[in-house]
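# Results of the structural survey
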Amino acid sequence: SHYLSKLDSSGRLTFSTFLPVKEDVATIVNGIALASDGGILIAGSSSGGVITTPGAYRQELLGTFSSFGSFVVSPVNAFVQRIRSDGSALDFGTYLGPERTQGNSLAVERDGSILVGATGGIYRLSSDGSQLRTSNVSFGGARLTGVAVGTESQIYGMTFGPPVTLVRFDADLHVAGQTAIRGAG
């Protein structure tokens, strides 16, 4: 089961609720972030267990099931969901794709756009999850494990090594610089 719980500043439980995913399908949550209004964003990967919403960017899982003898491999897509600040409802749920992606980290820009660090790249969704505004999937198989927005709207990401690399993006999500972090990874 996947739960979302919120604690107040004293550590007391404010709410605890099930996440809007299907229990019988592999779904992993890797990232969480807060929107400016307190909405809760989660990102991860799923083989079709994510509850999506009408008007979302992508409501269907991309990819096909394949088999190797008796072993079946299901498609996996990155996803993002936004849950109301009180945990009472799902505001939106969307897949990102392409096939074999994982949503690893989240950040929210000043205008509310949602940045998702994923396997192979970075995605920028509209604040309501209805539009993919920009993406850069030019990292090949690199796993963008962290994404952050700086005080002056700079966008940074970190790849899982070796070597561990800090990546700076411009406003269009093109790579503006990379620095390998020595001794990490």
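Below or above, wherever it landed, is the structure these notes cover.

## Let's talk about the overall build of the chain
Per the secondary structure count, the chain includes 0 helices and 16 strands. Taken over the C-alpha trace, the chain has a radius of gyration of 17 Å; the compact-globule value for 185 residues is 16 Å, and the two agree within 12%. Projected onto the principal axes, the alpha-carbon positions of the chain cover approximately 55 × 40 × 35 Å. Accessible surface computed for the chain: about 9,500 Å², of which carbon and sulfur atoms make up 52%. Looking at the chain, you have 13 positive and 14 negative side-chain charges, and the mean spots of the two groups are 4 Å apart.

## Details of the sheet that holds strand β8 (residues 90–95)
A sheet is described by the order of its strands in space; here 4 strands give the open sequence β3-β4-β7-β8, paired in antiparallel fashion. With partners counted over all chains shown, the strands left at the sheet margins are β3 (27–34) and β8, one partner each. Strand-to-strand twist across the sheet, computed as the mean angle between neighbouring axes with direction ignored, equals 20°. Where strand β7 (residues 77–83) and β8 come together, 5 bridges link them in antiparallel fashion. Along β8, the bridge assignment pairs R82 with F92.

## Some thoughts on a nonpolar patch on the surface
Taken together, M158, L166 and I181 make up a surface patch of nonpolar side chains, about 200 Å² in accessible area. By secondary structure assignment, the location of L166 is in strand β15 (residues 165–169).

## Concerning the sheet that holds strand β14 (residues 155–159)
One open sheet accounts for 4 strands, arranged β13-β14-β15-β16; its pairing is antiparallel. Looking at the sheet topology across the chains shown, the edges are occupied by β13 (144–149) and β16 (175–180). Each adjacent strand pair in this sheet contributes to an overall mean axis angle of 20°, direction not counted. As defined by bridge partners, β13 adjoins β14 across 5 bridges and the pair is classed as antiparallel. Bridging from a neighbouring strand, G146 pairs with M158 of β14.

## What about the nonpolar core?
One finds L41, V80, L96, L106, I114 and V116 to be the most contacted residues of the largest nonpolar core, which totals 13 residues. Secondary structure elements with two or more residues in this core: β4 (40–46), β7, β10 (114–118) and β11 (121–125). The contact partners of L106, leaving out residues within four places of it in the chain, are G31, I32, A33, L41, I42, A43, V80, I114, L115, V116 and V147.

## What to know about the side chain of T27
By the element assignment, T27 lies in strand β3. A relative accessible area of 8% means that T27 is categorised as buried. Separated by 2.9 Å, the side chains of T27 and S46 make a polar contact.

## Describing the pairing of strand β2 (residues 13–18)
One ladder, built from 5 bridges, connects strand β1 (residues 3–7) with β2; its direction is antiparallel. The residue bridging S5 from the neighbouring strand is S16, located in β2. Linking β1 to β2, which pair antiparallel, is a turn of 5 residues; within it G11 sits at a positive phi near 85°.

## Regarding the pattern of salt bridges
A complete count under the given rule lists 6 salt bridges for this structure. Across the salt bridge formed by R12 and D8, the nearest N and O atoms sit 3.3 Å from each other. Taking the relative accessible area as the measure of exposure, R12 reaches 54% and is therefore exposed. One network of salt bridges, in which partners are shared, links D37, R82, R84 and D91.

## Examining the pairing of strand β9 (residues 103–108)
Among the 6 residues that make up β9, 5 are buried, leaving the element largely enclosed by the rest of the structure. The pairing of β9 with β10 spans 5 bridges and is classified as antiparallel. By the bridge assignment for β10, G103 is matched with A118. Adjacent in sequence and paired antiparallel, β9 and β10 are bridged by 5 residues, among which G112 carries a positive phi angle near 95°.

Cut-offs used in this document
- Residues numbered from 1 in each chain as written.
- Predicted model: local features only at pLDDT ≥ 70, side-chain atom pairs only at ≥ 80, totals over all residues.
- Heavy atoms only, no water.
- Helix = DSSP H or I, 4+ residues; strand = E, 2+ residues; numbered from the N terminus.
- Rg over C-alpha atoms; globule rule 2.2 N^0.38 Å.
- Areas by Shrake-Rupley, 256 points an atom, 1.4 Å probe, with all protein chains shown as cover.
- Lys, Arg positive; Asp, Glu negative; His and termini not counted.
- Charge placed at Lys NZ, Arg CZ, Asp CG, Glu CD.
- Pairing = 2+ DSSP bridges.
- Axes fitted to C-alpha atoms, helices over the stretch in contact; angles between N-to-C directions.
- Patch = residues over 30% accessible without salt bridge, like charges linked within 9 Å, V, L, I, M, F, W, Y side chains within 5 Å.
- Salt bridge = Lys/Arg side-chain N within 4 Å of Asp/Glu carboxyl O.
- Core = buried A, V, L, I, M, F, W, Y, C linked by side-chain atoms within 4.5 Å.
- Buried < 20%, exposed > 50% of the residue type's maximum accessible area, 1.4 Å probe, protein only.
- Contact = heavy atoms within 4.5 Å.
- Polar contact = N/O pair within 3.5 Å; in protein donor to acceptor, adjacent residues only side chain to side chain.

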